[in-house]
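# Remarks on the overall topology
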Amino acid sequence: MPASDITFRTATLHDCAVILHHRRSMFRDMGKGTVDELDQMVEATRPWLERALGDGSYRGWLAQTRDGNVVAGGGVLISSWPARPEDFSTRRALIINVYTEPEARKQGIARELMLLIIQWLREQDFGSVVLHASDAGRSRYEKLGFAPTNEMRLQLK
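Quick look at the structure, then. (Residues numbered from 1 in each chain as written. Predicted model: local features only at pLDDT ≥ 70, side-chain atom pairs only at ≥ 80, totals over all residues. Heavy atoms only, no water.)

## Regarding empty space enclosed by the protein
Overall, the coordinates contain one cavity of 30 Å³ or more when judged by the stated rule. By volume, the largest cavity amounts to about 40 Å³. Around the largest cavity sit I19, H22, Y58, G60, W61, L62, G73, G74 and N97, which together line it. Broken down by secondary-structure element, the contributors of at least two residues to the lining of the largest cavity are α1 (16-29), β2 (58-64) and β3 (70-80). Class assignment of the residues belonging to the lining of the largest cavity gives a composition of four nonpolar, five polar and no charged. (1 Å grid on protein atoms, 1.4 Å probe; cavity = no way out; pocket = protein on both sides within 12 Å on 5 of 7 lines; lining within 4 Å. Points joined across faces, edges and corners; volume = space filled by probe spheres on them. Helix = DSSP H or I, 4+ residues; strand = E, 2+ residues; numbered from the N terminus. Nonpolar A, V, L, I, M, F, W, Y, C, P; charged D, E, K, R; others polar.)

## Structural notes on the environment of H14
Turning to its location among the elements, H14 is positioned in the loop between β1 (7-10) and α1. Classification of H14 by relative accessible area gives exposed; the value is 77%. C-alpha separation for the pair H14 and L38, spaced 24 residues apart in sequence, amounts to 21 Å. (Buried < 20%, exposed > 50% of the residue type's maximum accessible area, 1.4 Å probe, protein only.)

## Some thoughts on the packing of aromatic side chains
Pairs of aromatic rings are described using the distance from one ring centre to the other and the angle between the two planes. Summed over all chains, the structure comprises four aromatic pairs. Ring centres of W120 and F126 lie 6.4 Å apart, and the angle between their planes is 35°; on these two criteria the pair is classed as tilted. A centroid spacing of 5.9 Å and a plane angle of 70° characterise the contact between Y141 and F146, whose relative ring orientation is edge-to-face. Each member of the pair, Y141 as well as F146, carries the same accessibility label: buried. (Phe/Tyr/Trp six-rings, centres within 6.5 Å; stacked < 30°, edge-to-face > 60°.)

## Focus: the sheet that holds β3
By way of backbone hydrogen bonds, the strands of a sheet pair with one another, either parallel or antiparallel. If you walk across this open sheet you meet the five strands as β1-β2-β3-β4-β5, and the pairing is mixed. Taken across any chain shown, the strands that pair with only one partner, and hence form the sheet edges, are β1 and β5 (130-131). Bridge count between β3 and strand β4 (residues 91-100): eight bridges; the pairing is antiparallel. In the strand pairing of β4, I78 is matched with A93. (Pairing = 2+ DSSP bridges.)

See the structure below:
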């Protein structure tokens, strides 16, 4: 499918199933979680996603073919956050759920999607954005200007 056949649109509440499919597929492709754990993750996330899409704390974008088949998507989680010396915004943006269906990969769709998300964030006057990159995606994000940070994680469960 040529990239010229792809259009981008904002996700709506009617897109919950496809966003959850992308989230599940993303983790599956990274080798994270059993089938049962991925199913439980989707069910636990469904009501959260419905609320977040409704109240605007999650903003999503989808890439679709001319016949309406969604082949990629990504979103931004917006949360209240204290200002920092280098960023006085009291909101934080976290890019999540970036996923491209296997048959649509290597065509620049995810790059265009990311550029669209970054442009929206600039228009919304965010000072910065973070994301958690998979090993496979790290170089793609670096090409867009993302740099590693000092974030650390402690697994509590």
